Amino acid sequence: MADNLPSEFDVVVIGTGLPESIIAAACSRSGQRVLHVDSRSYYGGNWASFSFSGLLSWLKEHQENSDIVNECPVWQEKILENEEAIALSRKDKTIQHVEVFCYASQDLHEDVEEAGALQKNHASVTSANSTEAADSACPPTEDQSLSTASCEIPTEHTPSSDPESALEVNDFEATGEKEIHCDDKSSVPSTSEKETSENVPMAEETAEQPKTNRITYSQIIKEGRRFNIDLVSKLLYSRGLLIDLLIKSNVSRYAEFKNITRILAFREGRVEQVPCSRADVFNSKQLTMVEKRMLMKFLTFCMEYEEHPDEYKAYEEFTFSEYLKTQKLTPNLQYFVLHSIAMTSETASSTIDGLRATKNFLHCLGRYGNTPFLFPLYGQGELPQCFCRMCAVFGGIYCLRHLVQCLVVDKESGKCKAIIDQFGQRIISKHFLVEDSYFSENTCSHVQYRQISRAVLITDRSVLKTDSDQQISILTVPAEEPGAFAVRVIELCSSTMTCMKGTYLVHLTCTSSKTAREDLEPVVQKLFTPYTEKEIENEEVEKPRLLWALYFNMRDSSDVSRNSYNDLPSNVYVCSGPDCALGNDNAVKQAEALFQQICPNEDFCPPPPNPEDIILDGDSLQPEASESSAIPEANSETPRESTNLRNPEEPSE
């Protein structure tokens, strides 16, 4: 495939993370010839999702990656006298301090293999007290590529590609599942898709029941394909930029979403649910009637705070935490608003930041469910793949496992003119977008990066048990020490298609102050207890049992200025990796800003044309007729969508 690549493109994109994928889709949609390459064997970069064995392979890959020695490059011979090269790195240094622990019993046998795997997976893991990292996790052999672990665009996970289907939200309740759509033209998934998303997990339910209280590591390996483990843990605000972009571009037809069902708080050593909507507030047993009225009055003010500047102007220099103390709110309410609604820092967030965050939270309530958040089925890693599909539909060319050796810069103009790939092929382009991790140490010598601390846990039950075992929760644990950061906890159940029946997948995230384990282990110890044989006999364990844990630090390049990179040509653009924020707004803003530099007069990801209105050469249809039929269709969603955006939600009533 590489030998047959065209030699000239308009845009070359290196890296398949979310910002790069959005830009590639936007450029392809606007008619640019796009080449999208990634040296990895899977889509998404640090935004990817993996099955359990795929995650172990990723860990092994990063360990082997650290041992790579850059041999004398052959591409130097292909650089002409009037050119110079910017070498790209073969090492990915964005992941550090990886530590893996297994607490479930490790009764592995020779015949244990992942269900549906192509070959046996002889896996072993670290013991509960080991600090060895990826090497002791022993992933599958190299022949078992990541693509077999659902890292490539998975057709079996793809919802309906009906062009008229809109954003699909599977809102499950105790009584069952229902689907919410963005407009009247939305279509439900086909029968075969429902079998994929609903019947497949149920097939194992009867076999799992006898062992619900005893989940072994061999079970996790065997059911490894039930897991879709995100490297980056995020949610989608229901009125955020990414949801708007998914609907506008019709990329939403490639994905399905679940509502986050509850928002939790951690107070005085216990987990409790936070009332969000008007109904929640008045049904809450945690709040007194006076507190309910106080909270509703304050939330109503937050929805309209910009219209009442006198109420907060005097406190603009204060932190949001200090401002809340001046309001008529009890300590209980102050805690809920600060940590579970505004989700801001106690020490770093100003009054304006807090009010803005609270208004955004309230503005997103009620659009698709009882909380402001959505989660994509099969994990966050589906989102870059959705935009890659859009790019491919409009003619973009994709190459995974395709290494770019260097950028070729013309000395006279100072602009980048081409890339040279691993096969020595020179590919010419006008614009080049490069994900930060591909730059060498020479290019990044003056860049100061922040770090994100991440933990991924597999547990046997929810942090807050209720009648339904299919809850999707977000919890913020405030920092206890000065200089530390609050920890965000997202707990996913099996109906999100990210873990096997009888388990929960828990993601912990915070801005790093130390290694990931040092930052996050204290929170893990507060919420969970290690899984041991003795506790199996005692069913009255207060905390959920921890079966497996992974800690790692991820580079955060989101706030790096372009000027920090050494000697980059003006037509080389830098895309950052994931940031620490809960939403995806930074990725969308970055993608749109870079797209406007490349295509200044083009619409950013406009809706695709109706297939019935596309006129081919020789078609007997009159252009006037097709245009008139297309215009109402293109605008039919807009009024409905805009009225929803303008509707104040329940807390503002």
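Residues numbered from 1 in each chain as written. Predicted model: local features only at pLDDT ≥ 70, side-chain atom pairs only at ≥ 80, totals over all residues. Heavy atoms only, no water.

Peer 1: So what's going on with the packing of aromatic side chains? Which residues, and what values?
Peer 2: Overall, the coordinates contain 18 aromatic pairs when judged by the stated rule. Aromatic side chains Y305 and Y312 sit 5.6 Å apart centroid to centroid with 65 degrees between the ring planes, which places their arrangement in the edge-to-face category. Summarising the burial analysis for this pair, Y305 and Y312 share the class buried. Three or more aromatic residues joined by ring pairs form one cluster here, namely Y42, F50, W58 and F552. When the ring centre of Y335 is taken as reference, the NZ or CZ atom of R267 above it lies at 5.0 Å. Directly above the ring of Y449 sits R555, whose terminal nitrogen or CZ lies 4.1 Å from the centroid. (Phe/Tyr/Trp six-rings, centres within 6.5 Å; stacked < 30°, edge-to-face > 60°. Buried < 20%, exposed > 50% of the residue type's maximum accessible area, 1.4 Å probe, protein only. Lys NZ or Arg CZ within 6 Å of the ring centre and 35° of its normal.)

Peer 1: Which residues make up the layout of surface pockets, and what values go with them?
Peer 2: In this structure, the largest pocket encloses a volume near 1,600 Å³. Taken together, 46 residues make up the lining of the largest pocket; nearest its centre are M343, T344, S345, S349 and A581. Those elements that place two or more of their residues in the lining of the largest pocket are α10 (331-341), α11 (351-364), β21 (487-492), β22 (504-511) and α15 (585-598). Per element, the largest residue contribution to the lining of the largest pocket is four residues, and it comes from α11. Of the residues that constitute the lining of the largest pocket, the class distribution is 18 nonpolar, 15 polar and 13 charged. (1 Å grid on protein atoms, 1.4 Å probe; cavity = no way out; pocket = protein on both sides within 12 Å on 5 of 7 lines; lining within 4 Å. Points joined across faces, edges and corners; volume = space filled by probe spheres on them. Helix = DSSP H or I, 4+ residues; strand = E, 2+ residues; numbered from the N terminus. Nonpolar A, V, L, I, M, F, W, Y, C, P; charged D, E, K, R; others polar.)

Peer 1: Which residues make up the sheet that holds strand β15 (residues 404-410), and what values go with them?
Peer 2: In space, the four strands of this open sheet follow the order β4-β15-β16-β17, with antiparallel pairing throughout. Each edge of the open sheet carries a strand with a single partner, namely β4 (83-87) and β17 (426-428). Put simply, the sheet's adjacent strands are angled 30 degrees from each other on average, direction ignored. Two elements, strand β16 (residues 416-421) and β17, share three bridges in a ladder whose sense is antiparallel. The residue of β17 that forms the bridge with I420 is R426. (Pairing = 2+ DSSP bridges. Axes fitted to C-alpha atoms, helices over the stretch in contact; angles between N-to-C directions.)

Peer 1: Please set out empty space enclosed by the protein residue by residue, giving values where relevant.
Peer 2: Applying the stated rule across the entire model yields six cavities of 30 Å³ or more. Taken as a whole, the largest cavity encloses approximately 60 Å³ of empty space. Lining the largest cavity are G15, T16, G17, E20, R40, G44, G45, N46, W47, E435, G577 and P578. Tallied by class, the residues present in the lining of the largest cavity amount to two nonpolar, seven polar and three charged.

Peer 1: Lay out the environment of Q590 in plain terms, naming residues and giving numbers.
Peer 2: Turning to its location among the elements, Q590 is positioned in helix α15. Each C-alpha atom, one on Q590 and one on I22, is 9.6 Å from the other, the two residues being 568 residues apart in sequence. Not counting chain neighbours up to four residues away, the residues in contact with Q590 comprise P19, V574, C575 and S576. (Contact = heavy atoms within 4.5 Å.)

Peer 1: For helix α6 (residues 241-249), give the residues involved together with the corresponding values.
Peer 2: Taken together, the buried positions of α6 are occupied by L242, I243, L245, L246, I247 and S249. In the segment just after α6, N250 is the residue with positive phi, at about 65 degrees.

Peer 1: Could you give an account of the pattern of salt bridges, with specific residues and numbers?
Peer 2: On inspection of all chains with the given rule, the structure shows 23 salt bridges. Residues R517 and E99 are paired through a salt bridge, measuring 3.2 Å at the closest nitrogen-oxygen approach. Taken together, the positions of R517 in helix α13 (residues 516-527) and E99 in strand β5 (residues 95-102) put the pair 418 residues apart, joining distant regions of the chain. Since its relative accessible area comes to 21%, R517 is described here as partly exposed. Notably, a salt bridge pairs R367 with D244, separated by 3.6 Å at the nearest N-O pair. Placement of R367 in the loop between α11 and β13 (373-376) and of D244 in helix α6 is noted, with a sequence separation of 123 residues between them. (Salt bridge = Lys/Arg side-chain N within 4 Å of Asp/Glu carboxyl O.)

Peer 1: Please set out unusual backbone geometry residue by residue, giving values where relevant.
Peer 2: Residue H97 is not a glycine yet carries a positive backbone phi of 55 degrees. Within the fold, H97 resides in strand β5. By relative accessible area, H97 is classed as partly exposed at 44%. At Y378, a position not held by glycine, the phi torsion is positive, near 75 degrees. As for its position among the elements, Y378 is in the loop between β13 and α12 (382-393).

Peer 1: Which residues make up the sheet that holds strand β25 (residues 572-575), and what values go with them?
Peer 2: If you walk across this open sheet you meet the five strands as β14-β2-β1-β18-β25, and the pairing is parallel. Every other strand in the sheet has two partners, leaving β14 (397-399) and β25 as the edge strands with one partner each. The mean inter-strand angle of the sheet, taken between neighbouring strand axes irrespective of direction, is 15 degrees. As paired elements, strand β1 (residues 11-14) and strand β2 (residues 34-37) share four bridges and run parallel to each other. Paired with V13 across the strands is H36, a residue of β2.

Peer 1: Now, about the packing of α6 against α12: what can you tell me, with residues and values included?
Peer 2: Where α6 contacts α12, the two axes come as close as 12 Å, and the packing angle between them is 30 degrees. Overall, the two elements α6 and α12 adopt an arrangement that is roughly parallel. Considering the relative orientation of α6 and α12, their crossing is left-handed. Contact residues: L242, L245, L246 and S249 in α6; L383, F387 and M390 in α12. In terms of residue class, the contact of α6 with α12 is built from six nonpolar, one polar and no charged. (Parallel < 35°, antiparallel > 145°, perpendicular 65-115°, else oblique. Left-handed = near helix turned anticlockwise from the far one by under 90°.)

Peer 1: Pulling in residues and values, what's your account of the nonpolar core?
Peer 2: Core analysis: the biggest nonpolar cluster contains 102 residues, and F52, F298, L508 and W548 have the highest contact counts within it. Residue contributions to this core peak at eight residues, all from strand β24 (residues 545-556). (Core = buried A, V, L, I, M, F, W, Y, C linked by side-chain atoms within 4.5 Å.)

Peer 1: Quick one: what's the story with the pairing of β1, residue by residue and with numbers?
Peer 2: Across the two faces of β1 the burial is the same, with V11 and V13 and V12 and I14 all buried. Following the backbone out of β1, through helix α1 (residues 18-29) and into the adjacent parallel β2, one traces a crossover that is right-handed. Relative to strand β18 (residues 431-435), β1 runs parallel, the two sharing four bridges. Across the sheet, residue V13 finds its bridge partner in β18, namely L433. (Right-handed = clockwise from strand over helix to strand, strands pointing away.)

Peer 1: Outline the pairing of β15, listing residues and values.
Peer 2: With six of its seven residues buried, β15 lies for the most part within the structure. With five bridges connecting them, β4 and β15 associate as antiparallel partners. Bridge assignment links E83 to a residue of β15, and that residue is D410. Sheet analysis places β15 next to β16, joined by five bridges and oriented antiparallel. For V409, the partnering residue across the bridge sits in β16 and is C416.

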